[in-house]
Amino acid sequence: MPSVSYDGQSFTVDGRRVWLASGSIHYPRVPRELWRDRIRAAKQAGLNCIDTSVFWALHEPKPGRFVFEGDLDLRAFVQLVGEEGLYCILRPGPYVGADWDLGGLPAWLLRTPGIKLRQAHPPFLEACARYLGAVMEQVRDLQVTASSDRLPPSLAAGNAPGEAAGGFAGPGGGPIILMQIENEWLCHNQEQADLYLRELARYLRENGCEVPISNANNLWQRVEGTIDTWNAHHRLLSDLRQLAVVQPHAPRLVAAYRPGQADTWGRSHADSPDPDLLLHRLAQVLASGAQYNLAMFHGGTNFAFRSGRSIDRRDAFITTSYDNAAPLREGGGRGPHYLAVKRISTFASQFHQLFAHLELEPPHAAVTLDEENHPLSVVHLRGSQGQVVFLFAGRGYKPRNVSLVLPNGLTLPVTLGPDRVAWLLLKTNLGGLAQLEYTNLRPWAFVQRRMLVLFGPPGSEGLVCLDDVPLQLTVPTGQEPLVEHHEDLTIVVLNTQQVDAAVLCPQGLAVGASGLDEEDQPVPMKGWPQLHLVSLDGELTHQSQSVARLPRAPRLGGWTQALQTPLADGSAESYEPIEGPTSLEELGCGEGYGWYRISLGRARRGKVMAPLAADRLHLYSKGKLQGVLGWGPGASDEPVSLTLSSEVVILADNLGHFSAGIHLDQRKGLYGHLYLVKSLRLGKPQVEASRAPDPFVLSGYVPGRRKGEHLAGDSLTWTIKAAGSHGWILDVRDLPMAGMFLLDQEPLGYYDPVHSAGMARFVIEPGEGQPRQSRRQLRLSLFSPFRESIRLEDHLKLYQVTQVISRKGPWAFARWSVPEAQAFGKPQQMPHPQPAWYRCEFLASRTGVPLWLEPRGMSKGQIFLNGRNVGRYFVATAQGTPTPPQKLYYLPDPWLYDDRPNELVLFDEHGMLPRRVRLVYNPMGPHEK
């Protein structure tokens, strides 16, 4: 039976050492028909492993009802990974984070009163056990430990030509080599580690998991029987060396190196580090003797309502595009970051045996890498298959030519050119064909043990010594590669521009290509009029080629409209009675919108607040929009002065549950009352030294804290007069210090500026039986000494509730849904903002170029293509103020018809007419011109 094991050097499969160069692709963020294309793009970038997360919410939409078909066919995705010759790292969770709504957990969990997520709460653990059992049923026989007779024929037959170097070999098992439990459980609580995290590992083992299990807790909480991995994007060389000391008997793995950041509505596009810095950092991982996973290699799209809420800010909601400036862009385009990944990852996977056999000796000292101002730093690694030397130059390092003194005393001149990192090989075994004694050129690939591909700056003098035979080669300056021979070995020398246009193919090497098509034929790269082909035996041939022009995009027109007036004015028959404030989750609407209708008894006027509501509430009085309460552009997160009639209608928008942090269990919709409030001054608190309280009395998972650690801090105390009988609302925003709030010595809640999105809201009830003039004590116990420079009035807002205006009247609710076809008619301009639906048809053809919708002139809403929810758009507020960063929205080619008209449906929250909406072809993505 196949086996998998590991030591401090690498993983081992059936006695063969494995070195992983991995990238994340989330199959639910990519249409199924494009899975193979994205996996092949990863393989062509030099990766030999695909990491993917399993999103519980999608696979169990209702308790006990599992879906593993269509775009959610986890098994089929893993099989494709194996068919393409790549390993697979599977992250079944149950919590996976990934900027996903509720971190991948199903929203129906929130219907359980008092449920405690991500900890050993029996209802949560029971649901986790059921879910993990269902996942393992899908993939149990797709592990590397599975025997061939249990595998599907496509995997048991082995790989097609051009398999990934160092990747899954086919017979003898499936592609899954590692599974990860949970994700970034960033606190220390040994009790919960034993009762929750270790229990998750047990569920996997009892359901047939035979491969190693890892965690990604950054050493906050170690879990018996699992491998500790590291999530970071800087200080990699030093941190990974420390990990080797802490965990000497398991391989080092950067489980999530993030080349870019997710975009959020209302903020500028988050550019990723420049390609040189990306290359620099991945080289640091290799230089530390560690393996890596790019998260994300291909981000894809947050279709429908799947994007989550970030803890970066109070109003940080993830955009529909999950492009993340990933190496492979949202529509499949390959830009500078893809080329940087291809340079280093092809080297890592092609020379996987060298890296997998590196010795575990203590590393030598090296100049620290601060990535900006450090001088040249040299890192030298040795192993039984050879030696590798990395040269790292700081951004301000001026010399472009250096001399390296080798262990034998030989001085080797190295030309860095404009690059910040270079790597060389010494004493390296080339598959028994030859011994590479040294070279000052950068190795890129060793193809099928017959072709050695090296590269360097154009015009630089290259030195290559094979079997003690020195060769002097000049790196080409044009587009034609240099081909030389050494006995049975073909040597190809490329310049840095050529290596970025080079693709490994079954025949050998193609230069002048951006990738391979479905039939493994080179795809022309822009700016390369000729394709240069080098066969494995060194024959160089040329082919003329050209890049096709962008096609003309289809035109949109003939729009029809369906107004939402009956819902906005409360007259729709679809409203059904509910028992007062009720969350969308309790109403069976775990995602998207919902309509509430509330009778106030009489007209109301004043400052309105809905502290127990998320994320945006559109308030209508007599069908007219009065204001938007909540978060993000065009909404107010402070009390709003409003005049409301005796009945109010609210369109509640769920922009996504938090994907991390301490507010993960926050409900959506209107799960609390509407209040009239007035501002109070907290005044100056009484400050006294104290020991911080234990936040673990509130939750078994408190990120950034260690259970039992009572830090020295300060306690701030205010006295509140109970002048009214309706209570108070405490609004905390961007307070730069962590602490616990207490009312009359009883905990109100925990606040942390890092893990709470800088926000917290507490509704303080007046207390039964208390005299109207009694006093109450509000305390903030800080986890560090109070800083006098902090202006508390900027961060703590206290409001007195003067009326609870929604308490007495009846409540009703109506679901949000796409209208029937007969509801659409001729568009009309409305006198005031009101939600509306729009529909049109267009013709399209297969072009191979990504098609995007540009909803110019619209506000915020949803896009549907041929009945499928493409996702949320947000381009402007109701007042027309532009909302960055996303202007283009991906319309996946597999969802388009080429034999009949396509139906495009838009929901616009403010009823903007789609006169300027258009379609655009763009090969790169939503943020590229």
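Above this text you will find the structure in question.
The notes below deal with the structure included here. (Residues numbered from 1 in each chain as written. Predicted model: local features only at pLDDT ≥ 70, side-chain atom pairs only at ≥ 80, totals over all residues. Heavy atoms only, no water.)

### Considering the nonpolar core
Part 1 of the reasoning: Judged by nonpolar contacts, the single largest core of 163 residues is most densely connected at Ile177, Tyr292, Phe347, Phe390 and Leu509.
Part 2 of the reasoning: Ranked by the residues each element gives to this core, the list is headed by helix H4 (residues 122–139), at 10 residues.
Part 3 of the reasoning: Leu556, Leu655, Met759 and Leu913 belong to the second-largest nonpolar core, a separate cluster that totals 37 residues. (Core = buried A, V, L, I, M, F, W, Y, C linked by side-chain atoms within 4.5 Å. Buried < 20%, exposed > 50% of the residue type's maximum accessible area, 1.4 Å probe, protein only. Helix = DSSP H or I, 4+ residues; strand = E, 2+ residues; numbered from the N terminus.)

### Notes on the pairing of strand S19 (residues 442–447)
Regular strands show a simple pattern: their side chains alternate between the two faces of the sheet.
Part 1 of the reasoning: The buried fraction of S19 is high, at 6 of 6 residues.
Part 2 of the reasoning: Judged from the 5 bridges that link them, S19 and strand S20 (residues 451–456) form a sheet pairing that is antiparallel. Pairing of Arg442 across the sheet is with Phe455, part of S20. (Pairing = 2+ DSSP bridges.)

### Digging into the sheet that holds strand S21 (residues 461–466)
Part 1 of the reasoning: With antiparallel pairing, the 6 strands of this open sheet are ordered in space as S13-S14-S17-S18-S21-S22. Each of the sheet's edge strands pairs with one partner strand only, and the pair in question is strand S13 (377–383) and strand S22 (469–474). Within this sheet the neighbouring strands show an average axis-to-axis angle of 20°, counted without direction.
Part 2 of the reasoning: Relative to S21, strand S18 (residues 434–439) runs antiparallel, the two being bridged by 3 bridges. Opposite Tyr438, over in S21, you have Cys465 as the bridge partner.
Part 3 of the reasoning: The sheet contacts of helix H8 (residues 275–287) involve S13, strand S14 (386–392) and strand S17 (421–430), and relative to S14 the element is tilted by about 145°. (Axes fitted to C-alpha atoms, helices over the stretch in contact; angles between N-to-C directions. Contact = heavy atoms within 4.5 Å.)

### Things to note about the packing of aromatic side chains
Part 1 of the reasoning: Tallied over the entire structure, the rule returns 38 aromatic pairs.
Part 2 of the reasoning: Taken together, a centroid distance of 5.4 Å and an interplanar angle of 80° make the contact between Phe347 and Phe355 edge-to-face.
Part 3 of the reasoning: The class of Phe355 is buried, set by a relative accessible area of 0%.
Part 4 of the reasoning: Where Tyr873 meets Tyr889, the ring centres are 6.5 Å apart and the plane angle is 75°; that geometry is what we call edge-to-face. Taken together, the residues Tyr873 in strand S55 (residues 868–874) and Tyr889 in strand S56 (residues 889–891) connect sequence positions 16 residues apart. Across the pair, exposure class does not vary: Tyr873 and Tyr889 are buried alike.
Part 5 of the reasoning: One aromatic cluster is present, formed by Trp56, Trp108, Phe124, Tyr131, Trp185, Tyr196 and Tyr701 through successive ring pairs.
Part 6 of the reasoning: The ring centre of Tyr897 lies 3.6 Å from the NZ or CZ of Arg900, which sits over that ring. (Phe/Tyr/Trp six-rings, centres within 6.5 Å; stacked < 30°, edge-to-face > 60°. Lys NZ or Arg CZ within 6 Å of the ring centre and 35° of its normal.)

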